Amino acid sequence: DDNEADIDITGWTVFFTASDNPSPINDDAAQIKKTITTHTVPLEGKTTINLSPTDTNLLGDFYYDIQVKRLDGSIITVLSGLMTFYADQTRRTS
């Protein structure tokens, strides 16, 4: 929270969405969509967003946000920004 105290996120849903479109879009059009309902340490407000190799098999800039749906049904954006995916320079095999 604003005082840096832990927030219990038990029962909350976390949404991670990323798109190459800088304008707000419908989540269905996003390249990466994750819904997290099981949290790492919910009493301390901690969760993990896992991205697979398939999720990150992209190139270029992607606009993302992380939203939470609280127990009262309200949805707020807690973080947003820009991330860049680069091509591999090499592909190690051993």
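In this convention, every chain numbers its residues from 1, walking through the sequence in written order. For this predicted model, a pLDDT threshold of at least 70 governs which residues receive local features, and a threshold of 80 or more governs which side-chain atom pairs are given and counted, while totals over whole chains, interfaces and linings are taken from all residues. As a rule here, side-chain values come from all non-hydrogen atoms in the structure, and water together with hydrogens is ignored.

## Comments concerning the pairing of strand 4 (residues 75-85)
Turning to step 1, where the next piece is worked out: Across 10 bridges, the pairing between strand 3 (residues 60-69) and strand 4 is antiparallel. What sits directly across from G60, in strand 4, is F85.
Turning to step 2, where the next piece is worked out: Any two strands with at least two DSSP-identified bridges between them are counted as paired. Only DSSP runs of H or I covering at least 4 residues are called helices, and only runs of E covering at least 2 are called strands; the numbering of each starts at the N terminus. Between strand 3 and the antiparallel strand that follows it, strand 4, lie five residues; G73 among them carries a positive phi value of about 90°.

## Things to note about the nonpolar core
Turning to step 1, where the next piece is worked out: Throughout this description, the term nonpolar core refers to a set of buried Ala, Val, Leu, Ile, Met, Phe, Trp, Tyr and Cys residues connected via side-chain atoms within 4.5 Å. Partly exposed describes any residue whose relative accessible area lies between the buried limit of under 20% and the exposed limit of over 50%, with all areas from a 1.4 Å probe on protein chains only and scaled to the type maximum. Among the nonpolar cores identified, the biggest contains 13 residues, and F16, A18, I32 and M83 are the most heavily contacted of them.
Turning to step 2, where the next piece is worked out: Secondary-structure elements contributing two or more residues to this core are strand 1 (13-19), strand 2 (32-36), strand 3 and strand 4.
Turning to step 3, where the next piece is worked out: For F16, the contacting residues outside a window of four places in its chain are I32, K33, K34, I49, L51, Y64, D65, I66 and M83. Residues are treated as being in contact if the distance between any of their heavy atoms lies within 4.5 Å.

## Looking at a nonpolar patch on the surface
Turning to step 1, where the next piece is worked out: Exposure above 30% relative accessible area and no salt bridge define the residues that can form patches, which grow by joining like charges within 9 Å and nonpolar side chains of Val, Leu, Ile, Met, Phe, Trp and Tyr within 5 Å. Note on areas: Shrake-Rupley with a 1.4 Å probe; residue coverage comes only from the protein chains shown. Salt bridge criterion: a side-chain nitrogen from Lys or Arg within 4 Å of a carboxyl oxygen from Asp or Glu. A contiguous nonpolar surface patch, about 230 Å² in accessible area, is contributed by I76, V78 and L79.
Turning to step 2, where the next piece is worked out: Its location among the elements puts L79 in strand 4.

## Some points on the pattern of salt bridges
Turning to step 1, where the next piece is worked out: If you walk through the whole model with that rule in mind, you get two salt bridges.
Turning to step 2, where the next piece is worked out: Across the pair D55 and K34 runs a salt bridge, and its minimum N-O distance is 2.7 Å. One end of the pair, D55, is in the loop between strand 2 and strand 3; the other, K34, is in strand 2, with 21 residues separating them in the sequence.
Turning to step 3, where the next piece is worked out: For D55, a relative accessible area of 15% translates into the label buried.
Turning to step 4, where the next piece is worked out: E44 is paired through a salt bridge with K46; the nearest N and O atoms lie 3.2 Å apart.
Turning to step 5, where the next piece is worked out: Judged by relative accessible area, K46 falls into the partly exposed class, the value being 44%.

## Some points on the sheet that holds strand 4
Turning to step 1, where the next piece is worked out: If you walk across this open sheet you meet the four strands as 2-1-3-4, and the pairing is antiparallel. Since the sheet does not close on itself, it has two edges, and those belong to strand 2 and strand 4, each with one partner. Taken pair by pair, the neighbouring strands of this sheet meet at an average axis angle of 15°, ignoring direction. Angles run from 0 to 180 degrees between N-to-C directions of axes, and those axes are lines fitted to C-alpha atoms, restricted for helices to the stretch in contact.

On their own, these measurements won't tell you what the molecule is for.
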